[in-house]
Amino acid sequence: MASPKLHYLKKIYINVNASVKVGHGTSGLGIVVRNGNGEVAYVVAKKIKQESFPLIAELHAIREGLQIGITRRLQRFQVESDCQQAINLICNQGDACHDCDGLL
């Protein structure tokens, strides 16, 4: 089955998520890219050989989503995350987080 095409002038949604496996030294990123009709165009899953705080892992996932939109030259895309703390930090509405300043 062929994946739905991305129309580069229409809005694309990039949903990101992260996970941390505490005590195992690993984290993971998951990214789903959907076209304007909500059809999945492609997915990315990455295992990271580093255990980090969930907030930092989520910020990495957001950064990865942004990189996908930029490298694929998508003209209109929106990165979506369910981590309100990360969103607040990015929008300068949250408390300072010195561990993640480099990601902001």
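Conventions and cut-offs
Residues numbered from 1 in each chain as written. Predicted model: local features only at pLDDT ≥ 70, side-chain atom pairs only at ≥ 80, totals over all residues. Heavy atoms only, no water. Helix = DSSP H or I, 4+ residues; strand = E, 2+ residues; numbered from the N terminus. Areas by Shrake-Rupley, 256 points an atom, 1.4 Å probe, with all protein chains shown as cover. Pairing = 2+ DSSP bridges. Axes fitted to C-alpha atoms, helices over the stretch in contact; angles between N-to-C directions. Contact = heavy atoms within 4.5 Å. Phe/Tyr/Trp six-rings, centres within 6.5 Å; stacked < 30°, edge-to-face > 60°. Lys NZ or Arg CZ within 6 Å of the ring centre and 35° of its normal. Core = buried A, V, L, I, M, F, W, Y, C linked by side-chain atoms within 4.5 Å. Buried < 20%, exposed > 50% of the residue type's maximum accessible area, 1.4 Å probe, protein only. Polar contact = N/O pair within 3.5 Å; in protein donor to acceptor, adjacent residues only side chain to side chain.

1. As for the overall build of the protein chain
Then, in step 1: The helix and strand inventory of the protein chain stands at two helices and four strands.
Then, in step 2: Along the protein chain, helices (α) and strands (β) appear in the sequence β-β-β-α-β-α when read from the amino end.
Then, in step 3: Of the roughly 7,000 Å² of accessible surface on the protein chain, 50% is carried by carbon and sulfur atoms.

2. Let's talk about the sheet that holds strand E2 (residues 26–34)
Then, in step 1: Judged by pairing direction, the sheet is mixed, and its four strands sit side by side in the order E3-E2-E1-E4 without closing on themselves. At either margin of the open sheet sits one strand with a lone partner, and together these are strand E3 (40–48) and strand E4 (77–80). Averaged over all adjacent pairs, the angle separating strand axes in this sheet is 15°, with direction ignored.
Then, in step 2: In the sheet, strand E1 (residues 12–21) pairs with E4 via four bridges, with the strands oriented parallel. The residue bridging Ile14 from the neighbouring strand is Val79, located in E4.
Then, in step 3: Strand contacts of helix H1 (residues 54–71): E1, E2, E3 and E4, with the helix running at about 150° to E1, the strand carrying the most contacts.

3. Looking at unusual backbone geometry
Then, in step 1: For Arg73, which is not glycine, the phi dihedral falls at a positive 55°.
Then, in step 2: Here Arg73 shows up in the loop between H1 and E4.

4. Overview of the packing of aromatic side chains
Then, in step 1: Across all of its chains, the model carries zero aromatic pairs by this definition.
Then, in step 2: Across from the ring centre of Tyr42, 4.1 Å away, lies the NZ or CZ of Arg72, which sits over that ring.

5. Quick look at the nonpolar core
Then, in step 1: Membership of the largest hydrophobic core comes to 17 residues, with the highest contact counts inside it found for Ile14, Val16, Ile31, Val33, Leu55, Ile68 and Ala86.
Then, in step 2: For this core, the secondary structure elements donating two or more residues are E1, E2, E3, H1 and helix H2 (84–90).
Then, in step 3: A total of five residues in this core trace back to one element, the largest contributor, which is H1.
Then, in step 4: Sequence-distant contacts of Val16, that is, excluding residues within four places in its chain, are made with Gly30, Ile31, Glu58, Ala61, Ile62, Gly65, Val79, Glu80 and Ser81.

6. Here's the deal with the side chain of Ser52
Then, in step 1: In this fold, Ser52 is placed in the loop between E3 and H1.
Then, in step 2: Given the relative accessible area of 17%, Ser52 is considered buried.
Then, in step 3: Apart from residues lying up to four places away in sequence, Ser52 is in contact with Val20, Ser27 and Ala57.

7. Considering the side chain of Ser27
Then, in step 1: In this fold, Ser27 is placed in strand E2.
Then, in step 2: In terms of polar contacts, Ser27 uses its side chain to reach the backbone carbonyl oxygen of Gln50, at 2.7 Å.
Then, in step 3: Reaching out from Ser27, the side chain makes a polar contact with the backbone nitrogen of Ser52 at a distance of 3.4 Å.
Then, in step 4: With residues near it in sequence (within four places) discarded, Ser27 still touches Ser19, Val20, Lys46, Lys47, Ile48, Gln50, Glu51 and Ser52.

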